[in-house]
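# Tertiary structure, described
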Amino acid sequence: MNDVLTINEVGPRDGLQNQRVAVSCDDKLRLIQALVDAGLRAIEATSFVSPKAVPQMADADELFVRLPEPDRVAYSALVPNVRGLQRAQACQVREIAVVLSATETMNQRNINMSLDQATEVCIQTVRGAIEAGIRAKAYVAVAFECPFEGAVSPDRVLALTRAMFAAGAAEVVIADTIGAAAPRAVSSLMRHATAEFGAARLSAHLHDTRGFALANAWAAIEAGIRKFDTSLGGLGGCPFAPGAAGNLATEDLVQLAAQSGLSTGIDMAALRSAIALAQTLTQRPLGGRITAWLGIQDTYRARTGQ
Ligand code: COA
Ligand code: ZN
């Protein structure tokens, strides 16, 4: 078993895009620095989307050129179209992600395109990125259930994944955007996907809406997946997908990995400092499933001095 788990931290994008409290560019950079200090080496920093659609990401151009330690960290940005790619290119982005939702309605709500249009735009954007020497990955979103259309056929997800690889994507991220999947479905889809495309080119993006994110992550790990999107403190949600709660919390996956013989390179104490900062910046309580237990450990240590 490959014993390295790669974590792509998406809090600065998937997490912050959904916050009511405005977080300044300087504060986002402080948060990203705290994540780097915790050992995160892959971070989705922002998205080059329409500022009318997602005002929280309107500072993408300024943020990207100021990101800390760009030689040590693989920063990526989400782009919805060729216009977004051009903005990313101007900011020397080295990795972009396009988003292809698996259903008609979700593409309409998220990027105002039909499934066919969205597929075409994603193909053009991936090709454009490759020509510009930029690594391109593709999200296949609402890969298990769509908030508007219900259950999504695994065959459709595999077909869209195939199309993104055919366009030249280096990686496809299979996303449970609204956190509606359960482990059996994750296991089945991931096993089919790894068998066809190879685990090294796939990753999983899970949300914890129903409390199944960790169980789903384990199902994906058993299917061979070794790369995950997570968000510090479970920060997140999607403004275009009703009912989507936060992402799989980074600290939850770090702890699961540590107890399962998988290394992440992430320091839990430093990660908790980053989460504390995120709580202050977003003015809301954060924390994954592991938070209560970590708090009990703190109390025990304080009491016993161990
Ligand atoms: N960056 C900045 N502005 C952009 C842009 C981009 N990548 N793409 C389009 N725009 C601008 C256009 O110039 C236009 O501006 P104007 O009104 O001042 O003329 C406006 O946005 C609308 O453009 P249009 O091409 O008509 O697109 P639209 O209104 O159909 O919106 C998207 C399409 C894709 C641009 C928009 O839906 C979007 O950015 N969605 C992102 C959603 C998201 O981030 N979801 C979460 C992640 S999955
Ligand atoms: Zn998400």
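The following refers to the structure shown. (Residues numbered from 1 in each chain as written. Chains lettered and ligands numbered in written order. Predicted model: local features only at pLDDT ≥ 70, side-chain atom pairs only at ≥ 80, totals over all residues. Heavy atoms only, no water.)

### Details of the nonpolar core
With 106 residues, the main nonpolar core has Ile96, Phe228 and Leu271 as its most contacted residues. It is helix H11 (residues 268-282) that contributes the most residues to this core, eight residues altogether. Beyond its immediate sequence surroundings of up to four residues, Leu271 is in contact with Leu35, Ala38, Leu40, Leu232, Thr250, Glu251, Val254 and Ile266. (Core = buried A, V, L, I, M, F, W, Y, C linked by side-chain atoms within 4.5 Å. Buried < 20%, exposed > 50% of the residue type's maximum accessible area, 1.4 Å probe, protein only. Helix = DSSP H or I, 4+ residues; strand = E, 2+ residues; numbered from the N terminus. Contact = heavy atoms within 4.5 Å.)

### Some remarks on the site of ligand 1
Ser50, Lys52, Arg83, Asn110 and Asn112 are the nearest of the 19 residues found near ligand 1. Residue Lys52 places a side-chain N or O atom 2.5 Å away from an oxygen atom belonging to ligand 1. When residues of the shell around ligand 1 are traced back to their parent elements, those giving at least two are helix H4 (82-90) and helix H5 (104-111). No other element matches H4, which puts three residues into the shell around ligand 1. The residue inventory of the shell around ligand 1, partitioned by class, reads nine nonpolar, six polar and four charged. (Near = heavy atom within 4 Å. Polar contact = N/O pair within 3.5 Å; in protein donor to acceptor, adjacent residues only side chain to side chain. Nonpolar A, V, L, I, M, F, W, Y, C, P; charged D, E, K, R; others polar.)

### Here's the deal with the environment of Arg162
Structurally, Arg162 can be placed in helix H7 (residues 154-167). Classification of Arg162 as partly exposed rests on a relative accessible area of 39%. Only 2.6 Å separates the side chain of Arg162 from the side chain of Glu196, close enough to count as a polar contact.

### Considering the side chain of His207
Along the chain, His207 turns up in the loop between strand E9 (202-206) and helix H9 (213-222). Polar contacts involving the side chain of His207 include one to the side chain of Asp14, which spans 3.4 Å. Here the side chain of His207 touches His205 through a polar contact of 3.1 Å, side chain to side chain.

### Points about the pairing of strand E10 (residues 227-230)
Of the two faces of E10, both are covered, the one formed by Lys227 and Asp229 as well as the one formed by Phe228 and Thr230. Here strand E1 (residues 6-9) pairs with E10 via four bridges, running parallel. Counted as the bridge partner of Ile7 is Phe228 from E10. Bridge analysis of E9 against E10 gives two bridges, and the strand direction is parallel. Within the sheet, the bridge partner assigned to Ala204 lies in E10 and is Phe228. Between the parallel pair E9 and E10, the chain is carried across by H9, and the sense of this crossover is right-handed. (Pairing = 2+ DSSP bridges. Right-handed = clockwise from strand over helix to strand, strands pointing away.)

### Notes on the pattern of salt bridges
A side chain with one charge may pair with a side chain of the opposite charge, provided their charged atoms come close. As enumerated under the stated definition, the model contains 17 salt bridges in all. Arg66 is the salt-bridge partner of Asp26, the closest N and O atoms lying 2.8 Å from each other. With Asp26 in helix H2 (residues 25-37) and Arg66 in the loop between helix H3 (60-65) and strand E3 (74-78), the pair connects residues that are 40 residues apart, well separated along the chain. Arg72 is the salt-bridge partner of Glu69, the closest N and O atoms lying 2.2 Å from each other. (Salt bridge = Lys/Arg side-chain N within 4 Å of Asp/Glu carboxyl O.)

### As for the pairing of E9
The buried fraction of E9 is high, at five of five residues. Burial of the side chains of E9 extends over both faces: Leu202, Ala204 and Leu206 are buried on one face and Ser203 and His205 on the other. Where strand E8 (residues 171-176) meets E9, five bridges bridge the pair, whose relative direction is parallel. Paired with Ile174 across the two strands is Ala204, which belongs to E9. Of the crossover connections in this fold, the one passing from E8 over helix H8 (residues 183-197) to the parallel E9 is right-handed.

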